[in-house]
Amino acid sequence: MQKSHLTTSALALSIGLLSLSALTASPSRADDAPGFTPLFNGKDLDGWHGERTMDPRKLDAMSADEKAKLLAADAEDAAKHWKAEGGEIVNDGHGVFLTTDKDYGDVELFVDWKIGPKGDAGVYLRGTPQVQIWDSTEPSFVKFNADKGSGGLWNNSPGKPGKDPLVKADNAVGEWNTFRIIQIGARTTVYLNGKLVVQDAVMENYWDRATPLAARGPIQLQTHGSEIRWRNIKVREIPADEANAFLSKIDSGTGGFTSLFNGKDLTGWAGAVGNYEVKDGAILCKPKHGGVLYYDKEYKDFVARLEFKLPPGGNNGLAIRYPGTGDAAYNGMTELQVLDTEHEMYKKLDPRQAHGSSYGMVAAHRGYLRPTGEWNYQEVVVKGPKITVELNGTPILDADLSTVKEFMADSPHPGKDRESGYFGFAGHNDPVEFRDVNIKPLD
């Protein structure tokens, strides 16, 4: 039986690695990239609509009649300024933006573009500005760093990774250029004409920088100032296992990580060992069993990376700086929730109990879990009293526990100021699974 488990795990790993090769390969043109769906049929604008730039939350909050009226006005505007011509999408430099009818999450996107003098445009991802396009030779644009070239995440805050391209890769004005964009969660990588110009930078939510980039949204072609042409627009939606493998490969490149789980047994683990088992290369909490399972080595500051899979309504947690006894949420520094937050049974949940939250103390942003039954990829960084959590490529928690004064249900957390302890899983009786558990000490 153990042999079949290992075989299944190895098969899943092989599939993940084969899928990953599609992302780690570097085709520079859409023509060289198999498995993509065209977003433009070369004849008309079927699959697209006109939509003004606006906070998607405001659009979603409109009544059906208000939304229909706004989109009708945008459709009328788009008809004046956008057209399909000779296998290209052409815009005259004015009007609302061309927007996909479909929303997208994790994608690999190719798009060819050509601008004229003083051109200024961009590609919105998930309805958010933008991967920048402009005439990098225009003197009046130099004050905006246009001379550094196209491809940067223009609306990221000054000084943030990705705002300016790493290299200038633009072809001459009037010549065709090609973007290859990979976006997993909020983490965005951009190639321009085969050259890496943005590497794994978090795209900020322009509409509300205090919240993460939306989990899904439309692709939009933005333009203003001069004619721009588009062609060869193709997209591939990235499946969860491939996305996780890609994130893991990037993150592992920093080095210094130690695997805490050998994929076969619970060697090195302590605590409620009898309440967990190894199945298909993953640590599984036995149904109706709980208790804290922790790795038998204390850590102070660290980065932990792992994958987890939730059953419907599943509940567990990551024990952070756990002392070895008692409740991880209270006796340890904190328990970071691992929870199927979107299940109906949790609709009245206190925000400080949602997935990724520091239990009872600081709420994480919701809406970034993969569908139940799929593996999620998560990173946790602990430095002194500060904790950050990134889920599937999107930052969902940035907390300083030393500043917490109010607790859920007025229950104090005596362990929140602990400076070291064990890392592990909090239990809670549901068959939640964990795999690829790695840790890197920072002290």
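1. A few points about the side chain of Gln-222
- Tracing the backbone shows Gln-222 in strand S12 (residues 220–223).
- Looking at Gln-222, the relative accessible area reads 5%, which means it is buried.
- A polar contact is formed between the side chain of Gln-222 and the side chain of Gln-130, at a distance of 3.3 Å.
- If sequence neighbours within four positions are ignored, Gln-222 has contacts with Phe-97, Ala-121, Gly-122, Tyr-124, Gln-130 and Trp-230.

2. So, unusual backbone geometry
- Here the residue pair Pro-129 and Gln-130 is connected by a cis peptide bond, since its omega of -20° sits within 30 degrees of zero.
- For Arg-321, which is not glycine, the phi dihedral falls at a positive 50°.
- The topology assignment puts Arg-321 in strand S20 (residues 315–322).
- What makes Arg-321 buried here is its relative accessible area of 2%.

3. Section: the side chain of Ser-226
- Mapped onto the secondary structure, Ser-226 falls in the loop between S12 and strand S13 (228–237).
- In this structure Ser-226 comes out as buried when scored by relative accessible area, which is 11%.
- Separated by 3.5 Å, the side chain of Ser-226 and the backbone nitrogen of Gly-119 make a polar contact.
- Dropping the residues within four chain positions of it, Ser-226 is found in contact with Asn-91, Asp-92, Gly-93, Gly-116, Pro-117, Lys-118, Gly-119 and Asp-120.

What counts as what
- Residues numbered from 1 in each chain as written.
- Predicted model: local features only at pLDDT ≥ 70, side-chain atom pairs only at ≥ 80, totals over all residues.
- Heavy atoms only, no water.
- Helix = DSSP H or I, 4+ residues; strand = E, 2+ residues; numbered from the N terminus.
- Buried < 20%, exposed > 50% of the residue type's maximum accessible area, 1.4 Å probe, protein only.
- Polar contact = N/O pair within 3.5 Å; in protein donor to acceptor, adjacent residues only side chain to side chain.
- Contact = heavy atoms within 4.5 Å.

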